[in-house]
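# Structural overview for review
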Amino acid sequence: MPNTMLAVVKYGQEDGQVELREVPVPEIGPDDVLLEVAAAGVCGSDIEFWRHSITFPIRTPVIQGHEFGGVVAEAGERVTDWRVGDEVVSETAAFICGKCRLCRTGHYNLCRERLGFGYGLDGAFAKYVRVRQGLLHRKPPEVSWNAAALTEPTCVAYNALVVQSEARPGEPVAILGPGAIGLLCLQVAKALGASPVLITGTTVDARRLDLARRLGADHVVNAQEVDPVEVALDLTGGEGIPLVIDAAGNSATIRQSLDMVARNGQITKIGWGKEPVGFSLDPIVAKAVRYQGTFSHTWPMWEAVLEMVRAGRLDPEALVTHELQLREWLTSYELVEARQAVKVVLRPE
Ligand SMILES: [Zn+2]
Ligand SMILES: [Zn+2]
């Protein structure tokens, strides 16, 4: 085992303060494993951390990266279920308190003390990452490393559609925003048999909207060319869409979601939007709509998603447009920022 490794480190609280550094290999505690990272996905939030356009505190210096799978390279003395050589994926709640009401009721994704990999504790854009044993899930052999690295965002989509909403076979779903999360929501909605599935984006999303078509979206709408609300109402004889997934989250899509949702329907918001909305939210009242937020995921969702990927019902790897070496991290961030990449997977070296 080497003493040092290459890592993508956010070292300051300003735009652009990220660089490749030689850092010590992490030391593990008795309940941890040391994972040799096989593949790590670049997330939109990694770009926001790089740009420092974030609304919550971030520890620096910190190694970025929270979507990953790898091989157990070392196991702490109290680790009983995992051995060196095991192929695993890891959840992202690097630290939780384990004692609060939310932790004790299975909602540890919402623990107030939660620290995620890549901003609260050192993440996976490195050769090795320290992971507590309770975060691990076995990677089925049929699941590729690229797909394994994308288990995390796929669980975000699964939570949104299956746990926080009830997407139903044969009922329409609209997905606003064709980023990685929106496209994974599309896959989950299709896998559940929702129909038709509509997805929207803008001109800058052209590449992502093409991919949405290939992934089986029934209706793909460029909102700068066609009004997505009109499309949604036409599709449903004026009734509106029973389940709208807002995977963009800005004021434009909030407004569209309110206008296209059916009476007694649900809007589930995954995307973050920093700006104030500036219009009335009364359609929630008038149409008796459930407005549901969703954040992150928990253990059973990981098991379900890994099984769906293993069985070929979900194909997160279809989102991977670029595979790059860790030292090409800056290129990968620029590709994601320019929306030329859908998903980049980094390979540590
Ligand atoms: Zn992410
Ligand atoms: Zn807690």
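The coordinates are above.
First, a word on scope: everything that follows refers to the structure included in this document. (Residues numbered from 1 in each chain as written. Chains lettered and ligands numbered in written order. Predicted model: local features only at pLDDT ≥ 70, side-chain atom pairs only at ≥ 80, totals over all residues. Heavy atoms only, no water.)

### Description of the layout of surface pockets
- One number sums up the size of the second largest pocket: a volume of about 390 Å³.
- Together, 20 residues line the second largest pocket, and Pro26, Arg59, Leu121, Asp122 and Arg130 are the ones closest to its centre.
- Put simply, the parts of the chain that give the lining of the second largest pocket at least two residues each are strand 1 (4-10), strand 2 (18-24), strand 4 (62-63) and strand 7 (128-132).
- Considering only residue class, the lining of the second largest pocket consists of 14 nonpolar, no polar and six charged. (1 Å grid on protein atoms, 1.4 Å probe; cavity = no way out; pocket = protein on both sides within 12 Å on 5 of 7 lines; lining within 4 Å. Points joined across faces, edges and corners; volume = space filled by probe spheres on them. Helix = DSSP H or I, 4+ residues; strand = E, 2+ residues; numbered from the N terminus. Nonpolar A, V, L, I, M, F, W, Y, C, P; charged D, E, K, R; others polar.)

### As for helix 8 (residues 251-260)
- Burial of helix 8 is extensive: seven of the 10 residues sit out of reach of the surface.
- The set of residues buried in helix 8 consists of Ser251, Thr253, Ile254, Gln256, Ser257, Leu258 and Met260.
- Structurally, the start of helix 8 carries an N-cap: the backbone nitrogen of Ala252 is 3.1 Å from a side-chain oxygen of Asn250. (Buried < 20%, exposed > 50% of the residue type's maximum accessible area, 1.4 Å probe, protein only. Polar contact = N/O pair within 3.5 Å; in protein donor to acceptor, adjacent residues only side chain to side chain.)

### Examining the coordination of the zinc ion (ligand 2)
- Of the protein atoms, only Cys97 (SG), Cys100 (SG), Cys103 (SG) and Cys111 (SG) coordinate the zinc ion (ligand 2), at distances of 2.3 to 2.4 Å.
- Around the zinc ion (ligand 2) sit four donor atoms; with metal-centred angles ranging over 103 to 120°, the donor geometry is tetrahedral.
- All donor residues of the zinc ion (ligand 2) come from one chain, and their arrangement in sequence is C-x2-C-x2-C-x7-C.
- Accessibility expressed as a relative area gives 16% for Cys97, which makes it buried. (Donors = N, O, S within 2.8 Å, 3.2 Å for Na, K, Ca; no water. Tetrahedral: all angles 85-135°; square planar, octahedral: opposite > 155°, others 65-115°.)

### Here we look at the sheet that holds strand 11 (residues 219-222)
- Pairing in this open sheet of six strands is parallel, and the strands run 11-10-9-12-13-14 from one edge to the other. Edge positions in the open sheet fall to strand 11 and strand 14 (290-293), since each of these has one partner strand only. On average, each strand axis in the sheet is tilted by 15° relative to the strand beside it, whichever way the strands run.
- Where strand 13 (residues 261-269) lies against strand 14, four bridges are found, and the strand directions are parallel. What sits directly across from Gln266, in strand 14, is Arg290.
- Across the face of the sheet, helix 5 (residues 180-191) comes into contact with strand 9 (173-176), strand 10 (197-201) and strand 12 (241-246) while running at roughly 175° to strand 10.
- Across the face of the sheet, helix 8 comes into contact with strand 9, strand 10, strand 12, strand 13 and strand 14 while running at roughly 155° to strand 13. (Pairing = 2+ DSSP bridges. Axes fitted to C-alpha atoms, helices over the stretch in contact; angles between N-to-C directions. Contact = heavy atoms within 4.5 Å.)

### So, the pairing of strand 5 (residues 67-75)
- Pairing of strand 3 (residues 32-41) with strand 5 involves eight bridges; the strand directions are antiparallel. Bridge pairing in strand 5 links Glu36 to Val71.
- With three bridges joining them, strand 5 and strand 6 (residues 87-90) adopt antiparallel strand pairing. When the bridges of strand 6 are listed, Gly70 appears paired with Val88.

### Some points on the pattern of salt bridges
- In this structure the tally under the stated criterion is 18 salt bridges.
- Among the ionic pairs, Glu142 bridges to Arg310, the shortest N-O distance being 3.6 Å. Of the two residues, Glu142 sits in the loop between strand 8 (136-138) and helix 3 (145-149) while Arg310 sits in helix 10 (residues 299-310), which places them 168 residues apart along the sequence.
- With a shortest N-O distance of 2.9 Å, Asp210 and Arg213 are connected by a salt bridge. Of this pair, Asp210 and Arg213 both sit in helix 6 (residues 206-214), three residues apart, roughly one helical turn.
- A relative accessible area of 47% means that Arg213 is categorised as partly exposed.
- Taken together, the shared-partner salt bridges in this structure form one network comprising Asp15, Arg51 and Glu337. (Salt bridge = Lys/Arg side-chain N within 4 Å of Asp/Glu carboxyl O.)

### Focus: the coordination of the zinc ion (ligand 1)
- Taken together, Cys43 (SG), His66 (NE2) and Glu67 (OE) make up the full set of protein donors to the zinc ion (ligand 1), lying 2.1 to 2.5 Å away.
- We note that the donor set of the zinc ion (ligand 1) lies within a single chain, spaced as C-x22-H-E.
- We classify Glu67 as buried; its relative accessible area is 1%.

### As for unusual backbone geometry
- A cis amide bond links Thr60 to the next residue, Pro61, at an omega of -5°.
- Turning to its location among the elements, Pro61 is positioned in the loop between helix 1 (44-51) and strand 4.
- At the junction of Ser195 and Pro196, the peptide bond is cis and its omega measures out at -10° in the coordinates.
- Summarising the element assignment, Pro196 is placed in the loop between helix 5 and strand 10.
- At His52, a residue that is not glycine, the phi angle is positive and equals roughly 55°.
- Relative to the elements of secondary structure, His52 occurs in the loop between helix 1 and strand 4.
- A relative accessible area of 23% means that His52 is categorised as partly exposed.
- Despite not being glycine, Ala288 has its phi angle at roughly 50°, a positive value.
- Along the chain, Ala288 turns up in the loop between helix 9 (283-286) and strand 14.
- Given the relative accessible area of 47%, Ala288 is considered partly exposed.

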